[in-house]
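# A structural walkthrough
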Amino acid sequence: MSVDPQTLAAICVMALATAFNRSAGFFLMRLIPVTPRVRRVLDCLPGAVLVALLAPGAVHGDAAMLAGLGAAFLAAKLTRSDLLAVVAAMATAAGLRALGV
């Protein structure tokens, strides 16, 4: 198996960009005082990321993704755990796809 040098270069550049963005966020947040308003925004970020990942698939008519979004919403409301919401979404979507939905 051979690896295309351009593909490998693109993967490396994307990995570096991701690492830079993640570390820049930590460094920049040291400069921002954590007020109650900032805390509320930070508390909402995991849910916003989850919806941003699932909503495009749900909007474009994928029934498994739509069911996953619903499962994530219910799990998040019932358990208040972002991790369990992600697991519920993945398990629902994967299960429905395995059934051919």
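From a predicted model like this one, the values you see are computed outputs, not experimental measurements. (Residues numbered from 1 in each chain as written. Predicted model: local features only at pLDDT ≥ 70, side-chain atom pairs only at ≥ 80, totals over all residues. Heavy atoms only, no water.)

Scored by pLDDT, the protein has a mean of 87; 98% of the residues are at 70 or more. Model confidence for the protein, summarised as mean pLDDT per element, is weakest for helix H2 (residues 36–59) at 82 and strongest for helix H1 (residues 5–29) at 92. (pLDDT = per-residue confidence, 0-100. Helix = DSSP H or I, 4+ residues; strand = E, 2+ residues; numbered from the N terminus.)

Okay, helix H3 (residues 63–79) next. Note: α-helices contain 3.6 residues per turn, so residues at a spacing of three or four share the same orientation. Its 17 residues place the ends of H3 24 Å apart at the C-alpha level, agreeing with the 24 Å of an ideal helix rising 1.5 Å per residue. Of all the positions in H3, only Ala64, Met65, Gly68, Ala71, Ala72 and Ala75 are classed as buried. Down the axis, H3 shows its buried residues gathered within 115 degrees of arc, on one side only. Away from the buried face of H3 by more than 90 degrees, exposed residues Phe73, Leu74 and Leu78 are located. In this structure, the buried side of H3 is in contact with H2 and helix H4 (82–98). Backbone geometry just downstream of H3 places Arg80 in the positive-phi region, at approximately 60 degrees. (Expected span 1.5 Å × (residues − 1). Buried < 20%, exposed > 50% of the residue type's maximum accessible area, 1.4 Å probe, protein only. Arc of directions from axis to C-beta. Contact = heavy atoms within 4.5 Å.)

Summarising the element assignment, Asp62 is placed in the loop between H2 and H3. The class of Asp62 is partly exposed, set by a relative accessible area of 25%. In the structure, Asp62 is positioned 31 residues away from Ala93 in sequence and 9.6 Å away in space, judged by C-alpha atoms. Those residues in contact with Asp62, other than ones at most four positions away along the chain, are Gly57 and Arg97.

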